[in-house]
Amino acid sequence: MQKTGPRACVRTCLFGLLAAVLPTSLIALETTLTAPGAPKALIERLEETSSVATAESRGLGTPLEILSAALSDYRTIVQILYDEGYFSPVVSIKLDGQEAAELSSLSVPTQINRAAITVQTGPKFRFGEAIVQPLAPQTVLPEEFAIGELATTGAIQRAGSAGVQGWRNAGHAKADIQGQRVIARHAQAQLDAQIDLAPGPRLTFGKMIISGDTDVKHSSIEKIAGFPEGEVYSPEDIQKVGTRLRRTGTFNVVALEERETPNPDGTLDFDAYFEDLPKRRLTFGFEIASRDGIDLTATWTHRNVFRRAERLRFEAALRNIGGAEDLDGRIGLRLDQPDRLGPDDNTFWNALLERRNTDNYNVTITSLAYGARRTFSDRLYAEASAGFQWSDADDAFGDGRKFRYFIVPTRTEWDQRDSKVSATKGFYLDAQIMPFLGISETETGIRFFADARTYTSLGTGGRIVLAGRVQAGSVLGPSLNAVTPDFLFFSGGAGTVRGQPFESLGIPVGDEIAGGKSFLGLSGEIRGKINDAISLVGFYDYGVVDSSSFVTSAAASHSGAGLGVRYDLGGFGPLRLDLAVPVQGDTGDGLQFYIGIGQAF
């Protein structure tokens, strides 16, 4: 007999211990999942969710990992079956022929090669009872939670949530589920479900306690928020508070959390946490047209200028760079003051210095106005201002003409589009009315303009989109030669009729062209996706300009049509290239092209 020394004995013991403790090497696991009679969609969901069936993709390969996955799969599979209305299932998971539930994690096999999952769904259950009590007035429970409907755990959960939300909407902020009773009647394939609610007391809003890293004065936050202290609790009201604060564009984070415990007097306090956005923001934009050259725009925004959540916006533009007309541009300032009037209202200052050089007129415009804005919702607002405008113009009616106005511009915007940069459904309406009172022998009148757009994807999920646009404008009051040219209307160019030169259609005055007192523009596009990034567009534009305040059948018109391509840039909207030619009218000829960011409308 060969003797074994102490060192050899130690090595043997270590190797034996390691062999018993360490997992064996990873192996390929053969898996099957069968569910006789089950719908294909259910089988696919079980295969995608099962930890055993997806062991390879999850990186599970050792026997202990596979056993753990199998044990967790019992609960996972049963829960999925409950979600689908099967409340008497039988689930078997065998590892190399042995039921996984009968294996001990202390004596794991050294190797597992096959896993077989067998699911007997049993019959689908329907609700025999479906009760949520007590219910707040006007609470609407999900339609699927009713006697005779397919019984699922999802329906029960949604019914409980609806019951709680109903009480919260009625002012019971701490409403909760007190208990649930669920009984499966296997012989009848029925499920009896009863949810008991605990409404708790009806509460009123207490105080809003402000915290966080913000430079905005607390008094301004309170005025902007319009926190409904003393009013009956309402989830909708607290949502409005958050919306008003986010709307200022000052905050990166606005978090409103109700306290766990109401105050003894029946009020509920809220903790409001804020984090500011960077104070300054710089953006750029551009558009290129074959005849009009390059238009460049830049905006610089300063948030929270005087620590009252104000927003100062400086805008500059250069137009006609390299184009057929002289270089021109504008400089604009706008200061929004959201804490002057209270919730949903703000005041603003507007200032503008602009020079327009076109083939038909040159005008220098200076304006200053003060106004107020009312926000009805995130999609609807109206604003009005009062101020002065000075215009010095050279046009078809003479040079050095001066116009002095007291103006009251009003505007309403209603935006129901699903996207501001590339809509596939919904509509948009921009309506403007501006009375102008002439000063120093300048004539008085009123100017109207509307821009309406609509979109539909014809049930294609945005793959094909039909887009339509109507623009209409009118000037009432002064004669054609007694109004500043920037109040009149022209047609042609990227914003009206593509394929026709910019502002090429107007009213003939001798050898020159003046703007009209009325305008009608129609545009239609069909947009089709080639893939997720690239779309093709076909379009047709039509424009009419008249010398009277309303378009008549005798008015001059022109049109253009073309093709375009869009490349999606994500949240910035698509990169746009349009190629267009004249279709009708004598204001232009030849191919025109337009490049920009965002859809044409």
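Residues numbered from 1 in each chain as written. Predicted model: local features only at pLDDT ≥ 70, side-chain atom pairs only at ≥ 80, totals over all residues. Heavy atoms only, no water.

(A) Spatial organisation of the overall build of the protein chain. A count of helices and strands for the protein chain gives seven helices and 29 strands. Rg of the C-alpha trace for the protein chain: 35 Å, well past the compact-globule value of 25 Å for 601 residues, more than 25% over. Along the first, second and third principal axes, the C-alpha set of the protein chain runs to 125 × 65 × 65 Å. Going through the 601 residues of the protein chain one by one, you find that 42% of them count as buried. Taking contacts inside the protein chain between residues at least 6 apart in sequence as the whole, the part at least 24 apart equals 57%. By element, 56% of the accessible surface of the protein chain is carried by carbon and sulfur atoms, the whole surface being about 30,600 Å². The averaged location of the 73 negative side-chain charges in the protein chain is 4 Å from the averaged location of its 60 positive side-chain charges. (Helix = DSSP H or I, 4+ residues; strand = E, 2+ residues; numbered from the N terminus. Rg over C-alpha atoms; globule rule 2.2 N^0.38 Å. Buried < 20%, exposed > 50% of the residue type's maximum accessible area, 1.4 Å probe, protein only. Contact = heavy atoms within 4.5 Å. Areas by Shrake-Rupley, 256 points an atom, 1.4 Å probe, with all protein chains shown as cover. Lys, Arg positive; Asp, Glu negative; His and termini not counted. Charge placed at Lys NZ, Arg CZ, Asp CG, Glu CD.)

(B) Highlighting the pairing of strand β21 (residues 445-456). Burial along β21 is one-sided: Gly445, Arg447, Phe449, Asp451, Arg453 and Tyr455 are buried, and none of Ile446, Phe448, Ala450, Ala452, Thr454 and Thr456, which face the opposite way, are. Looking at chain direction, strand β20 (residues 426-439) and β21 are connected through eleven bridges and run antiparallel. Across the sheet, Phe427 pairs through a bridge with Thr454, a residue of β21. Remark: five residues form the turn of the hairpin made by β20 and β21, two consecutive strands paired antiparallel; Ser440 in that turn has positive phi of roughly 60°. Here β21 runs beside strand β22 (residues 464-476); their pairing, made up of eleven bridges, is antiparallel. In the strand pairing of β22, Ala452 is matched with Val470. (Pairing = 2+ DSSP bridges.)

(C) Focus on the packing of aromatic side chains. Tallied over the full model, the rule gives 20 aromatic pairs. An angle of 70° between the planes, with centres 5.1 Å apart, marks the rings of Phe127 and Phe145 as edge-to-face. Of the two residues, Phe127 sits in strand β5 (residues 126-133) while Phe145 sits in the loop between β5 and α5 (153-169), which places them 18 residues apart along the sequence. The buried category is assigned to Phe127, whose relative accessible area is 1%. Assessed through its relative accessible area of 5%, Phe145 is described here as buried. Summarising the aromatic geometry, the rings of Phe205 and Phe227 are spaced 5.4 Å apart at their centres and angled 75° between planes, so their arrangement reads as edge-to-face. (Phe/Tyr/Trp six-rings, centres within 6.5 Å; stacked < 30°, edge-to-face > 60°.)

(D) Focus on the sheet that holds strand β9 (residues 251-258). Across the sheet, which stays open at both edges, the three strands sit in the order β8-β10-β9 with mixed pairing between neighbours. With one partner strand each, in any of the chains shown, β8 (204-213) and β9 form the two edges of the open sheet. Across the sheet, the axes of successive neighbouring strands diverge by a mean angle of 20°, strand direction being ignored. Across eight bridges, β8 lies against strand β10 (residues 267-276) in parallel orientation. Pairing of Asp213 across the sheet is with Glu275, part of β10. Running at roughly 135° to β8, helix α6 (residues 218-225) makes contact with β8, β9 and β10 of the sheet. (Axes fitted to C-alpha atoms, helices over the stretch in contact; angles between N-to-C directions.)

(E) Representation of the environment of Ser367 within the structure. Locating Ser367 in the fold gives a position in strand β16 (residues 362-377). Overall, Ser367 belongs to the buried group, its relative accessible area being 17%. Sequence separation between Ser367 and Tyr405 is 38 residues, and the spatial gap between their C-alpha atoms is 9.4 Å. Beyond its immediate sequence surroundings of up to four residues, Ser367 is in contact with Asn350, Ala351, Leu352, Phe388, Gln389 and Trp390.

(F) Fine view of the pattern of salt bridges. By the definition in use, this model includes 40 salt bridges. Arg45 is paired through a salt bridge with Asp83; the nearest N and O atoms lie 3.5 Å apart. Of this pair, Arg45 sits in helix α2 (residues 40-49) while Asp83 sits in helix α4 (residues 63-83), and the two are 38 residues apart along the sequence. Of the charged contacts in the structure, one is a salt bridge between Arg469 and Asp451, with a shortest N-O distance of 2.9 Å. Here Asp451 lies in strand β21 and Arg469 lies in strand β22, a separation of 18 residues in the sequence. Residue Arg469 is classed as buried on the basis of its relative accessible area, which comes to 10%. (Salt bridge = Lys/Arg side-chain N within 4 Å of Asp/Glu carboxyl O.)

(G) Examining the environment of Gly122 more closely. Tracing the backbone through its elements, the reader meets Gly122 in the loop between β4 (114-120) and β5. Along the sequence, Gly122 and Glu525 sit 403 residues apart, while their C-alpha atoms lie 54 Å from each other. Other than its neighbours up to four places away in sequence, Gly122 contacts Tyr86 and Ser88.

(H) Seen up close, the confidence of the model for the protein chain. Summary statistics for the protein chain give a mean pLDDT of 91 and a share of 95% for residues scoring 70 or more. For residues 1-26, every residue scores under 50 in pLDDT, and the model assigns this stretch seven contacts once sequence neighbours within four places are set aside. (pLDDT = per-residue confidence, 0-100.)

(I) Just the side chain of Asp345, in detail. Here Asp345 is to be found in strand β15 (residues 345-357). Side-chain polar atoms of Asp345 contact the side chain of Arg374, separated by 3.0 Å. Beyond its immediate stretch of four places on either side in the chain, Asp345 contacts Pro338, Arg373 and Arg374. (Polar contact = N/O pair within 3.5 Å; in protein donor to acceptor, adjacent residues only side chain to side chain.)

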